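# Chains, contacts and geometry: an overview
Residues per chain, in single letters:
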Amino acid sequence: IAPQMIERIDIPDREGWRRILEVAKKGFRDGLFSKVVMSRSSRLRLDRSDTWLFWLSKLLEYREESYIFAIKSPDGHCFLGRSPERLLAWKEGVFQVDAIAGTRRRGASPDSDQSVSKELQLSTKDLIEHRFVSHYVASLLKSLHFQFEKIDDEKLLQLTHVQHLRTRFQGKLTPQCDAFELLKYL
């Protein structure tokens, strides 16, 4: 049985969100920003304190390409979620990093889905946004002197409800910059 929500606090609240949005707009007008990713958090107080496993099991029910995380503190707070973006994976000295940007909802029918996919792949705005993130990741990897290649360059990642543009980078870790060091930079 799903726990019941007693209280929800959004940080920032609606007015705070509007203020931050205005600051971001001004930053763009003043040339301070090239890209901004805005987010907020929601804190929920539930009628039961042991619900993190319930929510984790709900996240595990989705059968799509994504990564689930859950971190529980000793005081009972839990941070959990699901993301299609893999920050870093490594095995036997080879790493992979995802750059995901550019999003559209899935279409209601196969024909509309195909149309929406094509629109995403041809959208100047979404391609600029995706390439900004992709170039940032490539520049970071170059600055750390990694040998790497792009795989799945600007490919569609289609999930249940949305689709994204994804570029995946793959390369070899070095003694000078191992996986944990790379994770710190990412």
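Placed above this text is the structure.
Residues numbered from 1 in each chain as written. Predicted model: local features only at pLDDT ≥ 70, side-chain atom pairs only at ≥ 80, totals over all residues. Heavy atoms only, no water.

Across its full length, the protein chain carries five helices and eight strands. Order of helices (α) and strands (β) in the protein chain, N terminus to C terminus: β-α-β-α-β-β-β-β-α-α-β-β-α. Principal-axis analysis of the C-alpha atoms places the extent of the protein chain at approximately 50 × 40 × 40 Å. Relative to its 186 residues, the protein chain shows a buried fraction of 29%. Within the protein chain, residue pairs in contact and separated by at least 24 positions form 59% of the contacts whose partners lie at least 6 positions apart. Carbon and sulfur atoms form 54% of the exposed surface of the protein chain, whose accessible area is close to 13000 Å². If the 31 positive side-chain charges of the protein chain are averaged to one point and the 26 negative ones to another, these points end up 2 Å apart. (Helix = DSSP H or I, 4+ residues; strand = E, 2+ residues; numbered from the N terminus. Buried < 20%, exposed > 50% of the residue type's maximum accessible area, 1.4 Å probe, protein only. Contact = heavy atoms within 4.5 Å. Areas by Shrake-Rupley, 256 points an atom, 1.4 Å probe, with all protein chains shown as cover. Lys, Arg positive; Asp, Glu negative; His and termini not counted. Charge placed at Lys NZ, Arg CZ, Asp CG, Glu CD.)

Quick look at the nonpolar core now. The biggest cluster of nonpolar side chains holds 15 residues, and the ones touching the most others in it are Phe95, Leu141, Phe146, Phe169 and Leu182. Those elements that provide at least two residues to this core are strand S6 (94-105) and helix H4 (124-143). Counting residues per element, this core draws most heavily on H4, at five residues. (Core = buried A, V, L, I, M, F, W, Y, C linked by side-chain atoms within 4.5 Å.)

Our next topic: the side chain of Thr174. Relative to the assigned elements, Thr174 resides in the loop between strand S8 (162-172) and helix H5 (179-185). A distance of 2.9 Å separates a polar atom in the side chain of Thr174 from the backbone nitrogen of Cys177. (Polar contact = N/O pair within 3.5 Å; in protein donor to acceptor, adjacent residues only side chain to side chain.)

Here the focus is helix H1 (residues 14-29). The first and last C-alpha atoms of H1 sit 23 Å apart over 16 residues, in line with the 22 Å expected at 1.5 Å per residue. Turning to H1, its buried residues are Gly16, Ala24 and Gly27. For H1, the angular spread of buried residues about the axis comes to 75 degrees, placing them on one side. Opposite the buried face of H1, by more than 90 degrees, sit the exposed residues Arg14, Arg19 and Arg29. (Expected span 1.5 Å × (residues − 1). Arc of directions from axis to C-beta.)

For the rest of this paragraph, the subject is the pattern of salt bridges. Taken as a whole, this structure holds 16 salt bridges when the rule is applied. Ionic pairing is found between Arg8 and Asp10, a salt bridge with its closest N-O pair at 2.9 Å. Salt bridges here are not isolated pairs; linked through shared partners, they connect Arg104, Glu119, Lys125, Asp126 and Glu129. (Salt bridge = Lys/Arg side-chain N within 4 Å of Asp/Glu carboxyl O.)

So, on to the packing of aromatic side chains. Under the defined criterion, the tally for this structure stands at six aromatic pairs. When the centroid spacing of 5.0 Å and the interplanar angle of 65 degrees are considered together, the rings of Phe95 and Phe146 count as edge-to-face. Of this pair, Phe95 sits in strand S6 while Phe146 sits in the loop between H4 and strand S7 (148-158); the two residues are 51 residues apart in sequence, bridging distant segments of the chain. Neither Phe95 nor Phe146 differs from the other in exposure class; each is buried. We note Lys184 situated over the ring of Tyr185; from NZ or CZ to the ring centre the distance is 5.8 Å. (Phe/Tyr/Trp six-rings, centres within 6.5 Å; stacked < 30°, edge-to-face > 60°. Lys NZ or Arg CZ within 6 Å of the ring centre and 35° of its normal.)

Time to look at the sheet that holds S8. One open sheet holds the four strands; their spatial order is S5-S6-S8-S7, and the pairing between them is antiparallel. Of all strands in the sheet, those bounded by a partner on one side alone are strand S5 (89-91) and S7. Taking the axes of each pair of neighbouring strands and ignoring which way they run, one obtains an average angle of 20 degrees across the sheet. Where S6 lies against S8, 10 bridges are found, and the strand directions are antiparallel. Bridged to Phe95 within S8 is Gly171. Packing of helix H3 (residues 110-122) onto the sheet brings it into contact with S6, S7 and S8, and relative to S8 it is tilted by some 50 degrees. Here H4 sits on the sheet in contact with S6, S7 and S8, set at roughly 165 degrees to S6. (Pairing = 2+ DSSP bridges. Axes fitted to C-alpha atoms, helices over the stretch in contact; angles between N-to-C directions.)

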